[in-house]
Structures are given as structure tokens and as C-alpha cells.
Amino acid sequence: MASNKANTGISLNEKSPFSTSGKQVPAALSMMVDSMASMVERAKIDLENVDQRARADLENIDQRARKDIALLDQRAREDIQKVDQKARRDIAILDQRAREDHELLRKVRKAKGLTL
């Protein structure tokens, strides 16, 4: 049979087993809500840590990419300069040959009595 005696096992400092609506809340449900709130808080902290690490990684990748681009740009400029120098030498050689051919042609025409 149920006793109408007051429960003396509950101290005044403990949480009331009743919700704000006056209905009794099972201890397991309360513990589950506390556990879930704790898990959500830990997940939030973990997410913030991951976000910070991702931002740091992204910054490192960006810095490396900028260095790589600067190196590639420098190499490309050096290659262009080498190609330009080679092209100038080739043009000078072709110009010299054309002048020699022109002079030879002029001499041959003069020798044959042909003039233009």
C-alpha cells in the first residue's frame, strides 16, 4: 500500500523532480537531456577547433601557392629572356646571311652586266 508520508530523502538543495508544469520528470530523462546538451557543447567546441585548424591549413596552402606562383613566374621570365636572346642571335645571323647573299647577287649581276 502506498504511504502518505513525506519523502525525507530529498534535500532542499536538490533539483525538484517536477517540471515547471508540475508534472514529475523522470530522472533518466533529465540525465539524458543533460548528456545531450553536454554532447552538443563538446561537438560545438570540436567544430570550432576543426574550423581553426582548417583556416590555418588554408592559410599555409595559400602561402605555399603564392610562393610556387612567384617561382614559376620567375622561371617563366628567365625562359622568355633566354628565348628572346636566342631569337635575337638567330635574327642577327639571318640578317648577316641575307646581306652576304644580297652582296653576292649584286656582284654576280655586275659581272654579267645586269643592273636593276
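Everything here concerns the structure above.
Keep in mind that what you see is a predicted model, and the values were worked out from it rather than measured.

Participant: How should I be thinking about the overall build of the protein in this particular structure?
Facilitator: Within the protein one finds one helix and zero strands. Across the 116 residues in the protein, those meeting the buried criterion constitute 0%. Within the structure as shown, the protein displays about 11,400 Å² of accessible surface, and the carbon and sulfur contribution to it stands at 58%.

Participant: Explain the pattern of salt bridges to me, please; I cannot follow it from the model alone.
Facilitator: Taken as a whole, this structure holds seven salt bridges when the rule is applied. Across the salt bridge formed by R77 and D73, the nearest N and O atoms sit 2.9 Å from each other. You can see R77 and its partner D73 sitting in helix α1 (residues 27-112), four residues apart, about one turn around the helix. Taking the relative accessible area as the measure of exposure, R77 reaches 56% and is therefore exposed.

Participant: For this particular structure, what's the right way to read a nonpolar patch on the surface?
Facilitator: Together, L29, M32, V33, M36 and M39 make up a nonpolar patch on the protein surface, roughly 450 Å² of accessible area in all. The residue M32 is located in helix α1 in this model. The exposure class assigned to M32 is partly exposed, which follows from its relative accessible area of 44%.

Scoring rules and cut-offs
- Residues numbered from 1 in each chain as written.
- Predicted model: local features only at pLDDT ≥ 70, side-chain atom pairs only at ≥ 80, totals over all residues.
- Heavy atoms only, no water.
- Helix = DSSP H or I, 4+ residues; strand = E, 2+ residues; numbered from the N terminus.
- Buried < 20%, exposed > 50% of the residue type's maximum accessible area, 1.4 Å probe, protein only.
- Areas by Shrake-Rupley, 256 points an atom, 1.4 Å probe, with all protein chains shown as cover.
- Salt bridge = Lys/Arg side-chain N within 4 Å of Asp/Glu carboxyl O.
- Patch = residues over 30% accessible without salt bridge, like charges linked within 9 Å, V, L, I, M, F, W, Y side chains within 5 Å.

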